[in-house]
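# Structural characterization, general
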Amino acid sequence: RFADALGAIGGFLNLPPGTRTTTLESKTNFLGSAPVGSTIEAEATPLHVGRRSSVWQTRITNADGKLLAMVTQTQMTIFPGDFPPRNGEGQRAKR
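For the structure given in this document, a descriptive report is provided here. Being a predicted model, the structure only gives us computed values, none of them experimental. (Residues numbered from 1 in each chain as written. Predicted model: local features only at pLDDT ≥ 70, side-chain atom pairs only at ≥ 80, totals over all residues. Heavy atoms only, no water.)

### Remarks on the side chain of Asn 62
By the secondary structure assignment, Asn 62 is in strand S3 (residues 53–62). Here Asp 64 takes part through its backbone nitrogen, which lies 2.9 Å from a polar atom of the side chain of Asn 62. If near-sequence neighbours (up to four positions away) are discounted, Asn 62 is found in contact with Thr 39 and Leu 68. (Helix = DSSP H or I, 4+ residues; strand = E, 2+ residues; numbered from the N terminus. Polar contact = N/O pair within 3.5 Å; in protein donor to acceptor, adjacent residues only side chain to side chain. Contact = heavy atoms within 4.5 Å.)

Structure below.
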């Protein structure tokens, strides 16, 4: 969730006005562990930022810089009208 949140924030910050984003795909490679209570750091880097999607790579490291996990995720850009309204959003009440 930590890495997904960082990639989603990166995707959100690169959205055109009036659009939304959602995670389309996420892959995590766990390479090490961190003891409970230790400090970890993460950095999300864009690999691709396009009109319909963005791809983010997040490196999670411990305080010594040892790589603990590598996450690659794709954020989909959702434009108004891409999908029909859900749960009655935007629909008039029937009489």
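And the narrative resumes.
### Quick look at helix H1 (residues 2–13)
It helps to recall that an α-helix has 3.6 residues per turn; residues three or four apart then point in one direction. The end-to-end C-alpha distance of H1, which contains 12 residues, comes to 17 Å, matching closely the 16 Å that a straight helix rising 1.5 Å per residue would cover. For H1, the complete set of buried residues consists of Ala 3, Gly 7, Gly 10 and Gly 11. Mapping the buried residues of H1 onto a view down its axis gives an arc of 100 degrees, with all of them on the same face. Looking at H1, the residues exposed on the side facing more than 90 degrees away from the buried face are Phe 12 and Leu 13. (Expected span 1.5 Å × (residues − 1). Buried < 20%, exposed > 50% of the residue type's maximum accessible area, 1.4 Å probe, protein only. Arc of directions from axis to C-beta.)

### Some words on the environment of Thr 39
With respect to the secondary-structure elements, Thr 39 resides in the loop between strand S1 (20–30) and strand S2 (40–49). Thr 39 has contacts with Asn 62 and Ala 63, leaving out every residue within four places of it along the chain.

### Observations concerning the pairing of strand S4 (residues 67–78)
Where burial is concerned, most of S4 is hidden: 9 out of the 12 residues are buried. Across 10 bridges, S1 lies against S4 in antiparallel orientation. Bridge pairing links Glu 25 to Thr 74 in S4. In terms of strand pairing, S3 meets S4 through 9 bridges, oriented antiparallel. Each bridged residue has a counterpart across the sheet, and for Arg 59 the counterpart in S4 is Met 70. Linking two consecutive strands that pair antiparallel, namely S3 and S4, is a turn of 4 residues; a positive phi of about 90 degrees is found at Gly 65 within it. (Pairing = 2+ DSSP bridges.)

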